[in-house]
Amino acid sequence: MNQKNYHMSPEQFREEGKKVIDWIADYYENVEKYPVLSQVKPGEIISSLPENPPQKGETMDKMMRDIDEKIMPGITHWQSPNFYAYFPSNTSFPSILGDLVSSGLGVQGMIWATSPAATELETRVLDWLAEMMAMPEKFKSKSTGGGVIQDTASTSALTAIIAARERVTKFESNEKGVQQKLVAYISTQTHSSLEKAIKMAGIGKENLRLIDVDEKFAMKPDMLDTQIQKDKNAGFIPFFICGALGTTSSNAMDPLRKIGEIAQKENCWFHIDGAMSGTAMLCPEFRYLMDGVELADSFVFNPHKWMFTNFDCDVFWVGNRNELIHTFSILPEYLKNKATESGAVFDYRDWHVQLGRRFRSLKLWFVIRHYGMEGLQFHIRKHVELSQKFTKWVNDSDDFELFVEPPLNLVCFRHKKGDDFNMKLMNTINETGKIFFTHTKLNGQVVLRMSIGQTNTEEAHVKNAWDIIQRTAKSL
């Protein structure tokens, strides 16, 4: 007697999987037909879903029909070429396929022994990337440091802060808790994840110093130095400084060399956050922006922002991996094995907060191999060029003004009619669904942001966005 086992058979999976691939390909062919910003009201999606789970299994056809009818209205289309909000969160077909293989293999790569390929491919791909971006030798696995893939730059920031905390306390705070008066430094423009990490690491928000910025919104090194001396005189121990290779609000570039020199002098851990802009370091002509990178203890950037690799994929390099491993290593009996004990392998669970790890390097490997250096550089240069064109259109306009000169692919601009008008202009346009862009506040003023870096954005899309912005401004 045949008993039903409820599983989808490989044959069914093959059939349904092909339909899902077709669905994704159709989505990309038609993505511009959707409103970029989801137009649903709060609660609209959840109210369309059944209150109770199904007693009996349902067909894939029914599930995919519900995706079309119930889920798609609630999607904001980050992969639309008309998406200019926040920052790019790109993907590409090679990345999707690499992620599919990772999901299919379903490995848990917490230590080398649980799937050697998951560890060794990650090591090799991050060494490739270090070479592709001309990173200091110390960030490569054959030297004193190396790279690890984390979920987000927020987790990398927390990892760096905890390692810095342990270094300055000679690994005592892991044993006894934080006894010393430790203090950390960021600029007023640094990403909010640093404040969150400082809280989580037990340092406390009151011990995080926000350093003033200059007219380009970059940290002032002299103010940093002054604050450090003041804190030392008050009995604090400076231990961590973060410099930004492109802030989120305005893409400001901190003077990394000067900050790094202060960090060395004061024996502080120097962390560089290049979340989006790090990708531009694939192009030699932009590398002047990371002058001083060799002074960093850690460096982070997100291929899942501007390098066509789908979320989540964050690269965290460290100059001295032993400090990281010493900070995070815990070896329960069930994880003990010959390879680990030999010291001949990397166990990446010792390099960060989490134990469990996805096989994330596969999608990065697929992207690098599909595009090659040549293809990746081509698209980054194109996005920067489109941003320069948009900048020129703003400068040539009587009604709009550029707020700060863009170093790369984020244009900060505003209408001359003031804050309320700019907010009204942005909201009116976003509600049409034709394009989606966002705002920030700089010097207390509302500033509109055009983040140009979506995988499939072309000049025609950017020109159309500028036409929409101008036309709407005239009609308000």
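Since the model is a prediction, treat every value here as computed from it, not as a measurement. (Residues numbered from 1 in each chain as written. Predicted model: local features only at pLDDT ≥ 70, side-chain atom pairs only at ≥ 80, totals over all residues. Heavy atoms only, no water.)

A. Layout of the nonpolar core. One finds L129, F299, W317 and L364 to be the most contacted residues of the largest nonpolar core, which totals 57 residues. Of all the secondary structure elements, the ones that give two or more residues to this core are α5 (116-132), β2 (182-187), α9 (221-233), α10 (256-265), β5 (269-273), β6 (298-301), β7 (314-318) and α14 (361-396). When residues of this core are assigned to their parent elements, the largest contribution, 8 residues, is made by α14. Non-local contacts of W317, meaning those with residues more than four positions away in its chain, are made with L126, L129, A130, M133, M135, F139, G146, G147, D297, S298, F299 and F301. One finds V148, A163, A164 and W351 within the second-largest nonpolar core, a separate group that totals 31 residues. (Core = buried A, V, L, I, M, F, W, Y, C linked by side-chain atoms within 4.5 Å. Buried < 20%, exposed > 50% of the residue type's maximum accessible area, 1.4 Å probe, protein only. Helix = DSSP H or I, 4+ residues; strand = E, 2+ residues; numbered from the N terminus. Contact = heavy atoms within 4.5 Å.)

B. Layout of the sheet that holds strand β10 (residues 438-442). Within the open sheet, the 4 strands sit side by side as β8-β9-β11-β10. Their pairing is antiparallel. Strands with a single pairing partner mark the edges of an open sheet, and in this sheet they are β8 (400-404) and β10. Neighbouring strand axes in the sheet, compared pairwise and without regard to direction, differ in orientation by 45° on average. Pairing geometry for strand β9 (residues 410-415) and strand β11 (residues 445-451), over 4 bridges, is antiparallel. (Pairing = 2+ DSSP bridges. Axes fitted to C-alpha atoms, helices over the stretch in contact; angles between N-to-C directions.)

C. A look at the pattern of salt bridges. All told, the structure shown has 31 salt bridges when counted by the stated rule. Close ionic contact of R167 with D297 constitutes a salt bridge, the shortest N to O distance being 3.0 Å. Remark: D297 occurs in the loop between β5 and β6 and R167 occurs in helix α6 (residues 153-168); sequence separation between them is 130 residues. Notably, a salt bridge pairs K205 with E195, separated by 3.7 Å at the nearest N-O pair. Pair noted here: K205 is in the loop between α8 (193-200) and β3 (208-211) and E195 is in helix α8, with a separation of 10 residues, a long-range link. Shared partners join several salt bridges into a network, and the residues in it are D225, K232, K265 and E266. (Salt bridge = Lys/Arg side-chain N within 4 Å of Asp/Glu carboxyl O.)

D. The layout of surface pockets, seen in detail. Of the voids in this model, the largest pocket is the one considered here, and its volume is about 540 Å³. Forming the walls of the largest pocket are 15 residues, and the residues nearest its centre are Y6, H7, Q12, G57 and E58. For the lining of the largest pocket, the class distribution of residues is 4 nonpolar, 5 polar and 6 charged. (1 Å grid on protein atoms, 1.4 Å probe; cavity = no way out; pocket = protein on both sides within 12 Å on 5 of 7 lines; lining within 4 Å. Points joined across faces, edges and corners; volume = space filled by probe spheres on them. Nonpolar A, V, L, I, M, F, W, Y, C, P; charged D, E, K, R; others polar.)

E. Molecular detail of the sheet that holds β6. Overall, mixed pairing links the 7 strands, which are arranged β1-β7-β6-β5-β4-β2-β3 in an open sheet. Because the sheet does not close on itself, it has two edges, and the strands there are β1 (146-150) and β3. Across the sheet, the mean angle separating the axes of adjacent strands is 20° when strand polarity is ignored. By the bridge criterion, 4 bridges tie β6 to β7 in an arrangement that is antiparallel. The residue bridging S298 from the neighbouring strand is V318, located in β7.

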